[in-house]
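Breakdown of the fold
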Amino acid sequence: MTDNTELHPELSALDKRIAKAAQLKAKYEQEMQRIKSTKRTEETGKKVINGALIENAARENPRIREWYLKEVAEKVTRPHDLKRLAPLLEELRNLPKSV
């Protein structure tokens, strides 16, 4: 039996183009994953910085502290999240009401 590429040389060229297209697609998908990962890392970094700013402000300013405790009470509902915040909430509740 003869090879199809011997009878139809255009198949060989087509196979090469298909393989190249698949390679380019894989490369594109890898790059998209890298970009998404970088964006997630940047977003997480911003959240950490903002969280630290709010925590420090709540420790220093009774009005911000009151607002923060109210926001947590109203909007944080998952038990895992509340457990994670518990030490901070306790600390804030035990600070003086005014400075």
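What this report covers is the structure whose coordinates are included nearby. (Residues numbered from 1 in each chain as written. Predicted model: local features only at pLDDT ≥ 70, side-chain atom pairs only at ≥ 80, totals over all residues. Heavy atoms only, no water.)

So, the pattern of salt bridges
Once their charged atoms are close, side chains differing in charge can pair, the charge on each being opposite to the other. To keep things clear, this is the line we draw: For salt bridges, the criterion is a side-chain nitrogen of Lys or Arg within 4 Å of an Asp or Glu carboxyl oxygen. A run of DSSP states H or I qualifies as a helix once it reaches four residues; a run of E qualifies as a strand once it reaches two. Both are numbered from the N-terminal end. When a residue's accessible area, from a 1.4 Å probe over protein chains only, is under 20% of the maximum for its type it is buried; when over 50% it is exposed; and in between it is partly exposed.
All told, the structure shown has 8 salt bridges when counted by the stated rule. Notably, a salt bridge pairs Glu71 with Lys75, separated by 2.5 Å at the nearest N-O pair. Of the two residues, Glu71 and Lys75 both sit in helix α3 (residues 62-75), 4 residues apart, roughly one turn of that helix. The exposed category is assigned to Lys75, whose relative accessible area is 55%. Bridged by salt links that share partners, the residues Glu55, Arg59 and Glu91 form one connected network.

Looking at α3
Note: α-helices contain 3.6 residues per turn, so residues at a spacing of three or four share the same orientation. Counted only if it meets this: Here the expected span of a helix is defined as 1.5 Å times the quantity of residues minus one. Directions are taken from the helix axis to each C-beta atom, and the arc is the one they span. Within 3.5 Å is the distance limit for a polar contact, defined as a pair of N or O atoms, with the added protein rule that one can donate a hydrogen and the other accept it, and that residues adjacent in sequence qualify only through two side-chain atoms.
Taking 1.5 Å of rise per residue, 14 residues should cover 20 Å, and α3 covers 20 Å from first to last C-alpha, within 8% of that figure. Those residues of α3 lying buried are Arg65, Tyr68, Leu69, Glu71 and Val72. Each buried residue of α3 lies within a common arc of 160° when the element is viewed along its axis, so the set occupies one face. Exposed and facing more than 90 degrees away from the buried side of α3 are Arg63, Glu66, Lys70, Ala73 and Lys75. The backbone nitrogen of Arg63 lies 2.8 Å from a side-chain oxygen of the residue at the head of α3, namely Asn61.

A word on the nonpolar core
Most often, soluble globular proteins keep nonpolar side chains buried together rather than apart. Here is the rule we go by: Think of a nonpolar core as a cluster: buried Ala, Val, Leu, Ile, Met, Phe, Trp, Tyr and Cys residues, connected wherever their side-chain atoms sit within 4.5 Å. Residues are treated as being in contact if the distance between any of their heavy atoms lies within 4.5 Å.
With 7 residues, the main nonpolar core is built from Ala58, Tyr68, Leu69, Val72, Leu88, Leu89 and Leu92. Of all the secondary structure elements, the ones that give two or more residues to this core are α3 and α4 (79-93). The residues contacting Val72, other than those within four sequence positions of it, are Leu82, Leu85 and Leu89.

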